[in-house]
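Here's the letter readout for the chains.
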Amino acid sequence: MTDAFPTSAVLDGGLATQLEAMGHDLSSSLWSASVLRIDPAAITAAHRSFFDAGAQVATTATYQLTPDSLSRAGMPRADFAPLLTLAVAAARQARDEHGSGWVVGSVGPYGASRADGSEYTGAYDLPRGEEGQAILRAHHRERLVALIEAGVDALAVETLPTARELEAVVAELNSMGATTPTWFAFTPAPGGRTTRTGEPLADLAALAAAHPATLAVGVNCCPPEDVATALTDLDPAAYELTGVAYPNSGETWDAVARQWRGEAQWDEGAVSDWRRAGATLIGGCCRVFPDQIARLPH
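Residues numbered from 1 in each chain as written. Predicted model: local features only at pLDDT ≥ 70, side-chain atom pairs only at ≥ 80, totals over all residues. Heavy atoms only, no water.

**Student:** Mind showing me how you'd approach the packing of helix α3 (residues 40–52) against helix α5 (residues 80–98) here?
**Tutor:** Direction vectors running N to C along α3 and α5 enclose 40°, while the axes themselves pass 8 Å from each other. Taken together, the axes of α3 and α5 are oblique relative to one another. Between α3 and α5 the crossing geometry is right-handed. Across the interface between the two elements, Pro-40, Ile-43, Thr-44, His-47, Arg-48, Phe-51 and Asp-52 of α3 pack against Leu-86, Ala-90, Ala-91, Gln-93, Ala-94, Arg-95, Glu-97 and His-98 of α5. Taken together, the residues of the contact of α3 with α5 break down into 7 nonpolar, 4 polar and 4 charged. (Axes fitted to C-alpha atoms, helices over the stretch in contact; angles between N-to-C directions. Helix = DSSP H or I, 4+ residues; strand = E, 2+ residues; numbered from the N terminus. Parallel < 35°, antiparallel > 145°, perpendicular 65-115°, else oblique. Left-handed = near helix turned anticlockwise from the far one by under 90°. Contact = heavy atoms within 4.5 Å. Nonpolar A, V, L, I, M, F, W, Y, C, P; charged D, E, K, R; others polar.)

This is the structure:
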């Protein structure tokens, strides 16, 4: 689809956890990217299951895919570009088979490439000030460039745990002169009022809006119960942005044991509250499956 990316759409759910439900082993540090290496057709099938359920967006299997994550997994950094190309092609094939939709490039946080759960804490152990920001910018640069060159319809800079990473990505996109529509989604601390490192969410929409191509700001991979509070604090409309919301099921990820814990709290009935708080791009994250996306108000 070549139409402009919409300001209102049904997003997909958790790609990696859908692949697990399909029988694939995602125990490696690369998650969905590990399946991408050996069975790209499975990635296409997972995307297609969300399209068939009513999603209008396929989010690429690139959340944890960076040169650094490949290197940590003992794989050549040179594999990055071919794998990213495969990820975009797999999403595009599912979109084309479905007949309509958009392909969004997933840009996971610095912590995701470490596979140590630090995307949920922001405890990156980086230098403060310009030195740390330079590391974050360099980490994100190659994937941002590759996704834009691959022609994705939008970028999802997601699961951000800290304002400093938002500032780094915005600075990098601005230095590139990027014009691809972009949303920024945070994983807030419990309660939905601050980032994982303690900055008020109320301060973040202005930082996101400093990038001219920013389309939306919101939250992902947080409990559904925190979405409305977080969006109200972010107040995207104050910066002429829309809201994006795609929480997880309410279960929590144990990065040490590499398994989900707790009980699902997913409730499609809460979507009306998310809409009142400004969300128009709505879907799910980890442990949200196609049948749950199918029940979202379309």
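Let's pick the thread back up.
**Student:** Can you walk me through empty space enclosed by the protein in this structure?
**Tutor:** Over the atoms rolls a probe the size of a water molecule, and its path tells where empty space is left. Scanning the model with the defined rule gives 1 cavity of 30 Å³ or more in all. By volume, the largest cavity is sized at about 430 Å³. The wall of the largest cavity is formed by 30 residues, among which Ala-16, Trp-31, Tyr-63, Cys-285 and Cys-286 lie closest to the centre. Elements with a minimum of two residues in the lining of the largest cavity: α1 (15–21) and β4 (154–160). Per element, the largest residue contribution to the lining of the largest cavity is 3 residues, and it comes from α1. Residues of the lining of the largest cavity, tallied by class, amount to 13 nonpolar, 12 polar and 5 charged. (1 Å grid on protein atoms, 1.4 Å probe; cavity = no way out; pocket = protein on both sides within 12 Å on 5 of 7 lines; lining within 4 Å. Points joined across faces, edges and corners; volume = space filled by probe spheres on them.)

**Student:** Honestly, the sheet that holds strand β6 (residues 214–220) in this entry has me stumped. Any pointers?
**Tutor:** Sheets are built from strands paired through backbone hydrogen bonds, the pairs being either parallel or antiparallel. Reading across the sheet, the 8 strands line up as β1-β10-β7-β6-β5-β4-β3-β2 and stay open at both edges, with parallel pairing between neighbours. The open sheet has two free edges, formed respectively by β1 (9–10) and β2 (57–59), since each of these has just one partner strand. Pairing geometry for β6 and strand β7 (residues 242–246), over 5 bridges, is parallel. Paired with Gly-218 across the two strands is Val-244, which belongs to β7. (Pairing = 2+ DSSP bridges.)

**Student:** Would you explain the packing of aromatic side chains in this entry?
**Tutor:** How two aromatic rings sit relative to each other is set out by the distance from centre to centre and by the angle between their planes. In total, this model carries 4 aromatic pairs according to the counting rule given. With centroids separated by 5.9 Å and ring planes inclined at 75°, the aromatic side chains of Phe-5 and Trp-102 adopt a geometry described as edge-to-face. Note that Phe-5 is positioned in the segment before β1 and Trp-102 in strand β3 (residues 102–107), a separation of 97 residues in sequence. Pairwise contacts between aromatic rings join Phe-5, Trp-102, Trp-183 and Tyr-246 into one cluster. (Phe/Tyr/Trp six-rings, centres within 6.5 Å; stacked < 30°, edge-to-face > 60°.)

**Student:** Quick question: what am I supposed to make of the packing of helix α7 (residues 129–149) against helix α8 (residues 163–176) here?
**Tutor:** Axes are the key here: two packed helices are described by the angle between their axes and the distance separating the axes. Between α7 and α8, the least distance of the axes is 8 Å, while the angle of their chain directions is 55°. By the angle between their directions, the pair α7 and α8 is classed as oblique. Crossing geometry of α7 relative to α8 is assigned as right-handed. From α7, Gly-129, Gly-132, Gln-133, Leu-136, Arg-137, His-140, Arg-141, Leu-144, Val-145 and Ile-148 reach across to α8, where they touch Arg-164, Glu-165, Glu-167, Ala-168, Val-169, Ala-171, Glu-172, Leu-173, Ser-175 and Met-176. Class assignment for the residues of the contact of α7 with α8 results in 9 nonpolar, 5 polar and 6 charged.

**Student:** Help me out: how do you make sense of unusual backbone geometry in this one?
**Tutor:** What you tend to see is this: most non-glycine residues have negative phi, and most peptide bonds are trans. Phi at Asp-125 is positive, roughly 55°, even though this residue is not glycine. Relative to the elements of secondary structure, Asp-125 occurs in the loop between α6 (110–114) and α7. Overall, Asp-125 belongs to the exposed group, its relative accessible area being 73%. Even without a glycine there, the phi angle at Asp-235 is positive, about 50°. Tracing the backbone shows Asp-235 in the loop between α10 (227–234) and β7. Residue class for Asp-235 comes out partly exposed when judged on its relative accessible area of 38%. (Buried < 20%, exposed > 50% of the residue type's maximum accessible area, 1.4 Å probe, protein only.)

The quantities given are spatial measurements derived from coordinates; they are silent on function.
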